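Architecture and fold: a report
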Amino acid sequence: MIDGLVAGRLWSAAERRVDKAGKSYTVARLRVTGVDVDGVLVNLIAFDPRVCELLHEAQEGEAVSVSGALTPKVWTDKQGNTKPALDMVVHRVLMVRPD
């Protein structure tokens, strides 16, 4: 497990889901730009109710920083190109909003 801090823009709005045991959790995606024009997609999942609430408050395109357990991975697009991605179990969320 890698403990990481990632900052980017919310790529997809947070979505509430329920597991087979009836416990709710939240998923979302963050896009982190860098050297690569496409950037890196970070698949977020949160279980803590406060963290879930904060992710739901964020709007698509809003700057968000998250920290938690990271797992690097690779995915293949429709053209067969491999691209990096990260999965994160989010423990904390930070958003800076103007007053």
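Look above for the structure.
Residues numbered from 1 in each chain as written. Predicted model: local features only at pLDDT ≥ 70, side-chain atom pairs only at ≥ 80, totals over all residues. Heavy atoms only, no water.

Re the sheet that holds strand S5 (residues 82–94)
Within a beta sheet, neighbouring strands are joined by backbone hydrogen bonds and run either parallel or antiparallel to one another. Condition: Note on pairing: DSSP must find at least two bridges between two strands before they are called paired. For helices the rule is a DSSP run of H or I covering at least 4 residues; for strands it is a run of E covering at least 2, with both sets numbered from the N terminus onward. Orientation is described by lines fitted to C-alpha atoms, with helices fitted over the stretch in contact, and by angles between N-to-C directions that extend from 0 to 180 degrees. By the convention used here, residues are in contact when the closest approach between their heavy atoms is within 4.5 Å.
If you trace the five strands once around the closed barrel, you get S1-S2-S3-S5-S4, paired in mixed fashion. Mean inter-strand twist for the sheet, computed between neighbouring axes without regard to direction, equals 45°. Pairing between strand S3 (residues 40–46) and S5: five bridges, direction parallel. Looking at the pairing, Asn43 lines up with Asp87 of S5. Those strands touched by helix H1 (residues 49–57) are strand S1 (2–18), strand S2 (24–32), S3 and S5, and its axis lies near 115° from that of S5.

Notes on the packing of aromatic side chains
Here is the rule: Working definition: rings of Phe, Tyr and Trp (its six-membered ring) pair if their centres are within 6.5 Å, and the pair is stacked with planes under 30 degrees apart, edge-to-face with planes over 60 apart, and tilted otherwise. Categorising residues by exposure relies on relative accessible area from a 1.4 Å probe, with only protein chains included: less than 20% of the type maximum marks a residue as buried, more than 50% marks it as exposed, and the intermediate range marks it as partly exposed.
The full count for this structure, using the stated rule, is one aromatic pair. The interplanar angle of 40° and the centroid separation of 5.9 Å between the aromatic rings of Tyr25 and Phe47 together place this pair among those described as tilted. Of the two residues, Tyr25 sits in strand S2 while Phe47 sits in the loop between S3 and H1, which places them 22 residues apart along the sequence. By relative accessible area, Tyr25 is classed as buried at 17%. Overall, Phe47 belongs to the partly exposed group, its relative accessible area being 48%.

A look at the environment of Val74
For Val74, the location among the structural elements is in strand S4 (residues 63–76). Classification of Val74 as exposed rests on a relative accessible area of 60%. Sequence-wise, Val74 and Thr33 are 41 residues apart; in three dimensions their C-alpha atoms are separated by 16 Å. What Val74 contacts, discounting residues up to four positions off in sequence, is Thr82 and Lys83.

Concerning the environment of Gly22
Here Gly22 lies in the loop between S1 and S2. Residue Gly22 is classed as exposed on the basis of its relative accessible area of 51%. A sequence separation of 37 residues divides Gly22 from Gln59, and the C-alpha atoms of the two residues are 26 Å apart.

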